[in-house]
Amino acid sequence: MARVGTALRELRGAQKSAKGVSLYSRFVNRPAGRYLAAVSYALGLTPNQVTLVSAAFSFAAVAAVALAAPSWGLGLAVWAALAVGFAFDSADGQLARLRGGGSAAGEWLDHVVDCAKLTALHTCVLIAFHRFPEAYGTGGEGWLLVPLGFQFASVVTFFGGLLTEKLKPKPAPGTPAAAPSTVRAVALLPVDYGVFCLVFLALGGGALFRWAYAGLGAVAALFLVAFLAKWFRELSAVPR
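Residues numbered from 1 in each chain as written. Predicted model: local features only at pLDDT ≥ 70, side-chain atom pairs only at ≥ 80, totals over all residues. Heavy atoms only, no water.

1. Observations concerning the overall build of the protein chain
Alright, step 1. In terms of regular secondary structure, the protein chain is built from ten helices and zero strands.
Alright, step 2. For the protein chain, the succession of helices and strands along the chain, N to C, is α-α-α-α-α-α-α-α-α-α.
Alright, step 3. The C-alpha atoms of the protein chain give 19 Å as radius of gyration, which agrees with the globular expectation for 240 residues (18 Å, within 12%).
Alright, step 4. The principal-axis extent of the C-alpha atoms belonging to the protein chain is close to 55 × 50 × 30 Å.
Alright, step 5. The buried share of the protein chain, taken over its 240 residues, is 40%. (Helix = DSSP H or I, 4+ residues; strand = E, 2+ residues; numbered from the N terminus. Rg over C-alpha atoms; globule rule 2.2 N^0.38 Å. Buried < 20%, exposed > 50% of the residue type's maximum accessible area, 1.4 Å probe, protein only.)

2. Observations regarding a nonpolar patch on the surface
Alright, step 1. A contiguous nonpolar patch, built from Leu 76, Leu 198 and Leu 201 and spanning about 240 Å² of accessible area, is present on the exposed surface.
Alright, step 2. Summarising the element assignment, Leu 76 is placed in helix 4 (residues 72-98).
Alright, step 3. Leu 76 sits in the partly exposed class, given a relative accessible area of 48%. (Patch = residues over 30% accessible without salt bridge, like charges linked within 9 Å, V, L, I, M, F, W, Y side chains within 5 Å. Areas by Shrake-Rupley, 256 points an atom, 1.4 Å probe, with all protein chains shown as cover. Salt bridge = Lys/Arg side-chain N within 4 Å of Asp/Glu carboxyl O.)

3. Here we look at the nonpolar core
Alright, step 1. Counting residues in each nonpolar core, the largest one holds 34 residues, and the members touching the most others are Val 78, Leu 82, Tyr 193, Phe 196, Phe 200 and Phe 209.
Alright, step 2. Taken together, the elements giving at least two residues each to this core come down to helix 3 (47-67), helix 4, helix 5 (104-131), helix 7 (145-167), helix 9 (193-198) and helix 10 (207-236).
Alright, step 3. With seven residues, helix 5 is the largest single contributor of residues to this core.
Alright, step 4. In this structure Phe 209 touches Val 125, Phe 129, Tyr 136, Val 199, Phe 200, Ala 202 and Leu 203, once residues within four positions along its chain are discounted.
Alright, step 5. One finds Leu 8, Ala 37, Phe 88 and Leu 95 within the second-largest nonpolar core, a separate group that totals ten residues. (Core = buried A, V, L, I, M, F, W, Y, C linked by side-chain atoms within 4.5 Å. Contact = heavy atoms within 4.5 Å.)

4. Some thoughts on the pattern of salt bridges
Alright, step 1. If you walk through the whole model with that rule in mind, you get five salt bridges.
Alright, step 2. Close ionic contact of Asp 89 with Lys 117 constitutes a salt bridge, the shortest N to O distance being 3.9 Å. Note that Asp 89 is positioned in helix 4 and Lys 117 in helix 5, a separation of 28 residues in sequence.
Alright, step 3. Residue Asp 89 is classed as buried on the basis of its relative accessible area of 13%.
Alright, step 4. For Lys 117, a relative accessible area of 4% translates into the label buried.
Alright, step 5. Asp 114 is the partner of Lys 117 in a salt bridge, and the nearest nitrogen-oxygen pair spans 3.6 Å. Highlighted residues: Lys 117 and Asp 114, both in helix 5, separated by three residues, approximately one helical turn.
Alright, step 6. What makes Asp 114 buried here is its relative accessible area of 11%.
Alright, step 7. Overlapping salt bridges, with partners in common, bring together Asp 89, Asp 114 and Lys 117 in one network.

This is the structure:
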């Protein structure tokens, strides 16, 4: 326990900037990830092992969505597994910083798992809509396009944001981090992965889940347009 406490104290002073982070990630997921990182450190786990733990929770939830008949109990289990997986996703980077820095291979593994998780989750919702049309009210084939559209918006946003960060010039050493904006943190809530996970609590609601999922998909599409315009404008100002 003493080692966990020491790790927690060190991690509190080694947090990433909260700029561009939603309230959920800032006040729920990152603190949960910090505790998981401290425990993982005490257990002697590596960041890559923590990434794989995150993947195990996430993909177990993804498989359940596709294979199990929808129910309120299933929704609670899926949400819990996705939320724990997301917290471990935060923990791997924090553990890497605690151990003195991560590796290129570790960062690669983290991003590959994140992309696979996004792709698989929306694919499994599509499978669920096809397998259980009576439960979800998705008898019309048009509903099968909703997960495809949501998947497109999520993956392009993920890739676009990642590529933008790689192409933008790094701030000079010693440059103070910009103060996080509360308004921006609130505005980003609808497209935060942790908030998206909450929709699976409604799996037992049939049409409720269908409409809540479709609503978040529409919001994701709107944010994608706004993000692409913002990123293109920022990169256009970068000297060649």
